[in-house]
2 protein chains.
Amino acid sequence: MDNFTYCTPTKYIFGHGAENHTAEELLSISATRVMVVYGGGSVLRSGLLARVLLQLDDAGIYHCELGGVQPNPTDPKVREGIEICRREQIDTLLAVGGGSVIDTAKAIAAGVPYDGDFWDFWAGKATVQSALPLGVVLTIPAAGSEGSGNSVITLLDGMHKISLRTDFWLRPKFALLNPELTFTLPPEQTAAGIADMMAHIFERYFSPTADVEVTDRVAEGLLMAIMEEAPKVMSNPTDYQARANIMWSGTLAHNGICGTGRREDWVSHFMEHEISAVYGVTHGAGLAVMLPAFMSFMAHVAPAKGAQLARRVMGVTDEPDDTAAALEGIRRLKDFFTSLGLPVTFNQLGIDKPNIPLLVQKLHENKGERIGGYFTLTPADTEQIYRLAL
Amino acid sequence: MDNFTYCTPTKYIFGHGAENHTAEELLSISATRVMVVYGGGSVLRSGLLARVLLQLDDAGIYHCELGGVQPNPTDPKVREGIEICRREQIDTLLAVGGGSVIDTAKAIAAGVPYDGDFWDFWAGKATVQSALPLGVVLTIPAAGSEGSGNSVITLLDGMHKISLRTDFWLRPKFALLNPELTFTLPPEQTAAGIADMMAHIFERYFSPTADVEVTDRVAEGLLMAIMEEAPKVMSNPTDYQARANIMWSGTLAHNGICGTGRREDWVSHFMEHEISAVYGVTHGAGLAVMLPAFMSFMAHVAPAKGAQLARRVMGVTDEPDDTAAALEGIRRLKDFFTSLGLPVTFNQLGIDKPNIPLLVQKLHENKGERIGGYFTLTPADTEQIYRLAL
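Rules and cut-offs
- Residues numbered from 1 in each chain as written.
- Chains lettered and ligands numbered in written order.
- Predicted model: local features only at pLDDT ≥ 70, side-chain atom pairs only at ≥ 80, totals over all residues.
- Heavy atoms only, no water.
- Helix = DSSP H or I, 4+ residues; strand = E, 2+ residues; numbered from the N terminus.
- Buried < 20%, exposed > 50% of the residue type's maximum accessible area, 1.4 Å probe, protein only.
- Contact = heavy atoms within 4.5 Å.
- Areas by Shrake-Rupley, 256 points an atom, 1.4 Å probe, with all protein chains shown as cover.
- Lys, Arg positive; Asp, Glu negative; His and termini not counted.
- Charge placed at Lys NZ, Arg CZ, Asp CG, Glu CD.
- 1 Å grid on protein atoms, 1.4 Å probe; cavity = no way out; pocket = protein on both sides within 12 Å on 5 of 7 lines; lining within 4 Å.
- Points joined across faces, edges and corners; volume = space filled by probe spheres on them.
- Pairing = 2+ DSSP bridges.
- Axes fitted to C-alpha atoms, helices over the stretch in contact; angles between N-to-C directions.
- Parallel < 35°, antiparallel > 145°, perpendicular 65-115°, else oblique.
- Nonpolar A, V, L, I, M, F, W, Y, C, P; charged D, E, K, R; others polar.
- Salt bridge = Lys/Arg side-chain N within 4 Å of Asp/Glu carboxyl O.
- Phe/Tyr/Trp six-rings, centres within 6.5 Å; stacked < 30°, edge-to-face > 60°.
- Lys NZ or Arg CZ within 6 Å of the ring centre and 35° of its normal.
- Buried area = accessible area lost by both parts, 1.4 Å probe.
- Least-squares fit on C-alpha atoms with pLDDT ≥ 70 in both.
- Arc of directions from axis to C-beta.
- Left-handed = near helix turned anticlockwise from the far one by under 90°.
- Expected span 1.5 Å × (residues − 1).

Caption draft 1: Here's a closer look at the overall build of chain A. Helices and strands together make up the secondary structure of chain A, namely 15 helices and eight strands. Principal-axis analysis of the C-alpha atoms gives chain A an extent of 65 × 45 × 45 Å. Counting the 390 residues in chain A, one finds 64% classified as buried. A separation threshold of at least 6 residues defines the contact pool for chain A, and within that pool the share at least 24 residues apart is 77%. A total of about 13,500 Å² of accessible surface is found on chain A, and carbon and sulfur atoms cover 51% of it. Looking at charge distribution, chain A has the averaged site of its 31 positive side-chain charges lying 1 Å from that of its 45 negative ones.

Right under this line is the structure:
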C-alpha cells in the first residue's frame with residue numbers, strides 16, 4: 001500500500017426529496033449570489049429547475065442562470081460562465097444536472113478567481129489555489145463528479161479533452177442525491193452511466209501497487225453491487241431501491257475511496273476521451289467499448305488483476321490459468337454490457353472506420369509518449385488496444 | 001435504502017512517516033495553543049510523544065499535556081482536561097494514542113465551550129453545538145474514533161459506559177495514520193482491535209433495512225480484507241503491508257460508510273459496554289465474546305442477515321437453510337477469533353460467574369426497555385444472549 005492523503009469533505013444528502021434542501025444548504029455555506037448551471041431540456045421539462053429556483057427565491061438568494069451545457073462540455077460555455085459570474089459578483093455555484101453540468105460549474109468555479117485563462121489549469125500550466133464554492137443537485141448517476149475533485153473539459157481549438165484532478169478545491173461542498181430524479185433517464189443514458197461508474201472503479205482497480213487488499217475488496221464489492229442492481233433499473237426504471245443503489249455506487253466509485261493507497265491507471269478513460277472528442281460519442285458508451293479492449297490487452301501482458309477480477313467479481317471459479325480466467329471475465333463483462341444495450345465495439349458505437357492513427361496521435365500528444373499506471377504503454381500498444389475494439 | 005446525510009470531512013494522511021505532519025496539519029487548522037492528550041507508557045517508551053512535541057516546539061506552537069488516559073476512559077480525566085484547557089486557553093486538541101485517548105480528547109473538546117457539565121451530552125440532556133478542533137496521531141487500529149464523530153466515556157458514579165454519536169462536531173479535523181506505529185502493539189491488543197473493527201461493521205450490517213446492496217457489499221469486502229490480513233499481523237507483527245490494510249480497514253469500519261442508507265444495530269456493543277464497565281475487560285475482547293452470542297440468538301429469530309454473511313464472507317456455500325448457514329458462519333467466526341487468541345466465552349474472558357441479572361438491568365437502564373435495530377430485544381432476550389456467551 002502506498003502512502004496517501006484522503007479527504008472527502010462533501011456533504012451528501014441522499015434520498016427522497018433531497019433536492020428540497022438546496023436553499024438550506026446554500027445558506028449554510030453563506031451563499032448570497034448564486035449562478036445556477038444546467039444543461040438542456042430535461043431539468044426544464046421535469047420542473048426540477050423551477051422547483052430549485054423557487055427555493056432560492058423563497059430564501060431570498062439572488063440568482064442568475066447558465067443553461068445549455070452540452071454533453072462533453074467545452075471551453076466556450078466555461079468562459080461565458082466566468083464572465084457572467086464576474087459581472088454579477090456571484091459567490092457560489094449550483095450545478096443542477098449530471099457530470100457535464102457539474103464539470104462546467106467546477107471549471108467556472110476555478111476560473112472566476114484566477115487572473116489568467118482557466119484552461120491553464122487543464123493544460124497543466126497552473127494549479128488551482130482557490131475556487132468559488134459549489135453545490136450539486138444530481139440528476140444522472142455516472143460521472144461521479146458530485147463527489148470528486150475532478151473536471152473534464154474539452155478545448156474546442158484542437159478538440160483536446162482533458163481531465164483535471166484536484167484534491168480539494170473542486171470538490172462540491174454539498175451534493176443532493178434523490179434517486180427519483182433518475183427515473184426518467186433514457187435507458188441508453190442509464191446504461192452509459194453504469195459503464196462510466198464501473199470504469200471509475202476499474203481504472204483504480206488495475207493498479208500495479210501490491211498489498212491493497214482492503215481497497216481491492218471495497219472496489220470488488222461496489223462492482224458486484226452495480227452488476228446486481230443494473231438489470232433491475234434497466235427493466236424497471238422506477239425501481240427506487242435499485243436506482244438508489246446505483247446512484248450511491250456512482251458516487252463511491254469516484255470519490256476516491258477505491259483509489260486509496262495505490263497508483264491508478266486511467267488508460268481506458270484517456271483512450272475514450274480521444275474517441276468522444278473526435279466523434280462526439282457518449283462517454284459511458286465509449287468506455288463500454290474501450291474497457292474490454294484494454295483488459296484484453298492486459299490479459300496477455302499483465303493478467304494478474306484481470307484474473308482476480310474474473311474470480312472474485314465475475315464468478316469465474318474453474319479456470320486456474322490467469323490469462324484464460326481474465327479472458328473469460330472479459331467475455332462476461334462484454335455480455336453484461338451488451339445486456340444493458342451498450343456497444344462493445346467501434347462499429348456498435350456507430351463508428352465504422354475509426355481513424356486509429358489520429359486517435360493514437362492525439363492520445364500521446366495530450367498524455368505523453370508513455371501512458372498508464374497498471375502497465376506502461378507505447379503508441380504501438382495503444383494502437384493495438386484501439387484495434388482490439390474493432 | 002433509507003434517506004441519509006453523510007459527511008466525513010476528516011483529512012487522512014496515511015503511510016510511512018505520517019506522524020511527521022503533525023505540526024503542519026495543526027498549523028493548517030490555525031492551532032496556536034494545543035493540549036496533547038495521551039495514555040500510558042507506550043507513547044513515552046517509543047519516543048513518539050517526544051517526537052511529536054518536538055515538532056510543536058519547532059513550529060512555535062504552545063502546548064500543554066494531559067497524560068495517563070486509561071482504557072475504558074472515565075469522566076474524571078475529561079473534567080481534568082476541560083479545566084486545564086480553560087485555564088491555559090487551549091484552542092486545539094491533539095490526541096496521540098488509540099480510541100480511549102481520542103474519545104477522552106473528544107469529550108474535552110465538547111466540554112470546554114459548554115457552560116454545563118460535559119456529561120449532559122452523553123446523558124442525552126444536551127446536544128453538542130460546538131467543540132474545539134481535534135487532530136489525531138493514531139497508535140491503535142481498533143476503535144475507529146479517528147474517523148468517527150463518536151466518543152465512549154464511562155461515568156464512574158454508577159459505572160455508566162455510554163457512547164455519544166455526533167454527525168459533525170466530534171469528527172477529527174485530521175488523522176495521521178502510520179502503520180509502523182502499530183508494530184509494537186502486544187498481540188492481545190492487536191487481536192482485540194481486529195474484533196473491535198469487525199464489530200463496527202457487523203453492527204451496521206445487521207440492519208432491518210432492505211435493499212442496501214451497495215452498503216452490504218462494501219461491508220462484506222472490508223470484513224473479507226480484515227480476515228485475510230489478520231493472521232498475517234498476528235504471525236508477523238512488523239508486516240507493514242498487512243498492518244496497513246488492517247489500519248485503514250479500522251478507519252473505514254467506523255467512519256460511517258458501512259452504515260449509509262440503513263438503520264444500524266449496536267446491541268453487541270451496548271451489551272459489551274456493560275461487561276467492560278462492570279468487569280473492566282478489554283472492549284475488543286468483550287466484543288469477541290458478545291458478537292457470536294448475539295448472532296447465535298439472531299440465527300434462530302432473524303437468520304437472513306447472518307446467512308448472507310455466512311455465504312458471502314465466511315465461505316458457507318453448501319447450506320440452503322438460513323439458520324443452519326448462519327450457525328455455521330458463527331462457528332467459523334468463533335474459530336477465527338480463537339485463532340487470534342481472542343476469548344469467545346465469559347470464562348475465556350476471565351469472568352467465571354458473570355452477574356447476568358446486573359448486566360441486563362444496567363443495559364436496559366442505560367438503553368431503554370426495548371433495544372436493537374436489527375431485531376427488537378426485551379430484557380428476557382438480552383438475558384438469553386448473555387447466557388449464550390457462557
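There is more to say, and it comes next.
Caption draft 2: Region of the structure containing empty space enclosed by the protein. Evaluation of the coordinates by the stated rule reveals five cavities of 30 Å³ or more. Looking at the largest cavity, its volume works out to about 80 Å³. Within the residue set of the lining of the largest cavity, elements represented by two or more residues are strand E1 (4–14) of chain A together with strand E1 (4–14) of chain B. Residue contributions to the lining of the largest cavity peak at three residues, all from E1 of chain B.

Caption draft 3: Fine view of the sheet that holds strand E8 (residues 174–177) of chain A. Pairing within the open sheet is mixed, and its 12 strands lie in the order E3(A)-E2(A)-E4(A)-E5(A)-E8(A)-E1(A)-E1(B)-E8(B)-E5(B)-E4(B)-E2(B)-E3(B). At either margin of the open sheet sits one strand with a lone partner, and together these are strand E3 (62–66) of chain A together with strand E3 (62–66) of chain B. Each strand of the sheet is rotated relative to its neighbour by a mean of 25°, with strand direction disregarded. Bridge count for strand E5 (residues 134–138) of chain B against strand E8 (residues 174–177) of chain B is four bridges, and the pairing is parallel. Looking at E8 of chain B, one finds that Val136 of chain B is bridged to Ala175 of chain B. Sitting on the sheet, helix H5 (residues 99–111) of chain B touches strand E2 (33–38), E3, strand E4 (92–97) and E5 of chain B, and the angle it makes with E4 of chain B is about 165°.

Caption draft 4: Just the packing of helix H11 (residues 283–301) of chain A against helix H13 (residues 322–339) of chain A, in detail. All names here are of chain A. Taken N-terminus to C-terminus, the directions of H11 and H13 make an angle of 170°; their axes are 9 Å apart at the nearest point. Between H11 and H13, the angle falls in the class roughly antiparallel. Contacts between H11 and H13 involve Ala288, Leu291, Pro292, Met295, Ser296, Ala299 and His300 from the first element and Thr323, Ala326, Leu327, Ile330, Leu333, Lys334 and Phe337 from the second. Taken together, the residues of the contact of H11 with H13 sort by class into 10 nonpolar, three polar and one charged.

Caption draft 5: Fine view of the side chain of Asp196 of chain B. Residues and elements named next belong to chain B. Secondary-structure assignment places Asp196 in helix H7 (residues 187–205). The side chain of Asp196 sits in the buried core without any salt bridge; Lys161 is the nearest counter-charge, 8.5 Å away. Ignoring sequence-local partners within four residues, the contact set of Asp196 consists of Ala142, Ala143, His269, His283, Gly284 and Leu287.

Caption draft 6: Just the packing of aromatic side chains, in detail. For the coordinates displayed, the defined rule picks out 32 aromatic pairs over all chains. Arranged with centres 6.3 Å apart and planes meeting at 15°, the rings of Trp119 of chain A and Trp122 of chain A form a pair that is stacked. You can see Trp119 of chain A and its partner Trp122 of chain A sitting in helix H6 (residues 119–122), three residues apart, about one turn around the helix. Taken individually, Trp119 of chain A and Trp122 of chain A each receive the classification buried, so the pair is uniform in this respect. Grouped by ring-pair contacts, the aromatic residues Phe4 and Tyr6 of chain A together with Tyr12, Phe14 and Trp248 of chain B constitute a single cluster. The positively charged end of Arg33 of chain B is found above the aromatic ring belonging to Tyr62 of chain B, 4.0 Å away from the centroid.

Caption draft 7: Structural view of the interface of chain B and chain A. Taken together, the 38 residues of chain B in the interface contact 38 residues of chain A. Counting each side, the surface lost to burial between chain B and chain A is near 3,300 Å², with a carbon and sulfur contribution of 60%. Interface area lost by chain B to chain A is led by Met1, Arg217 and Trp248 of chain B, which between them contribute 17%. Our count for the chain B to chain A interface comes out at two salt bridges.

Caption draft 8: Molecular detail of the relation of the copies chain B and chain A. The two copies are related by a screw motion: chain B maps onto chain A through a turn of 180° and a shift of 0.0 Å along the axis, at an RMSD of 0.0 Å. Each copy turns onto its partner about a two-fold axis. Across chain B, the rotation axis passes nearest the C-alpha of Pro9 of chain B, at a separation of 2.0 Å. An overlap of 100% is found between the interface residues of chain B and their copies at the interface of chain A, pointing to a shared contact surface.

Caption draft 9: View of the environment of Thr251 of chain B. Residues and elements named next belong to chain B. Within the element layout of this structure, Thr251 appears in helix H9 (residues 240–252). With a relative accessible area of 0%, Thr251 lands in the buried category. Once the C-alpha coordinates of Thr251 and Lys106 are considered, the two residues, 145 residues apart in sequence, prove to be 16 Å apart. Discounting chain neighbours no more than four positions away, the residues touching Thr251 are Tyr12, Glu146, Gly147 and Leu177.

Caption draft 10: Examining helix H15 (residues 379–388) of chain B more closely. If you check which residues of H15 of chain B are buried, you get Asp381, Thr382, Ile385 and Tyr386 of chain B. For H15 of chain B, the angular spread of the buried residues around the axis is 140°, confining them to a single face.

Caption draft 11: Main features of the packing of helix H7 (residues 187–205) of chain A against helix H9 (residues 240–252) of chain A. Residues and elements named next belong to chain A. Packing of H7 against H9 leaves a shortest axis separation of 10 Å and a crossing angle of 40°. Taken together, the axis directions place H7 and H9 in an arrangement best described as oblique. Every pair of crossing elements has a handedness; the one defined by H7 and H9 is left-handed. Here Thr190, Ile194 and Met197 of H7 lie close against H9, whose contacting residues are Arg243, Ile246, Ser249 and Gly250. Within the contact of H7 with H9, the residues separate by chemical class into three nonpolar, three polar and one charged.

Caption draft 12: Main features of helix H4 (residues 75–88) of chain A. Residues and elements named next belong to chain A. Given a rise of 1.5 Å per residue, 14 residues ought to cover 20 Å, and the 20 Å separating the end C-alpha atoms of H4 matches this to within 8%. Residues Asp75, Lys77, Val78, Gly81, Ile82, Ile84 and Cys85 constitute the buried set of H4. Each element contacted by the buried residues of H4 is listed here: strand E2 (33–38), E3, strand E4 (92–97), helix H5 (99–111) and strand E6 (150–155). One or two steps after H4, the chain reaches Gln89, where phi turns positive at roughly 50°.

Caption draft 13: Local environment of the pairing of E2 of chain B. All names here are of chain B. In terms of residue burial, E2 counts as a mostly covered element, since five of its six residues are buried. Bridge analysis of E2 against E3 gives five bridges, and the strand direction is parallel. For Val37, the partnering residue across the bridge sits in E3 and is Leu66.

Caption draft 14: A look at the side chain of Glu229 of chain A. For Glu229 of chain A, the location among the structural elements is in helix H8 (residues 213–235). Under the relative-accessibility criterion, Glu229 of chain A is labelled buried at 3%. If we skip the residues at most four places from it in the chain, Glu229 of chain A touches Gln241, Ala242, Asn245 and Ile246 of chain A together with Glu213 of chain B.

Interpretation note: all reported values are geometric properties and have no functional meaning in isolation.
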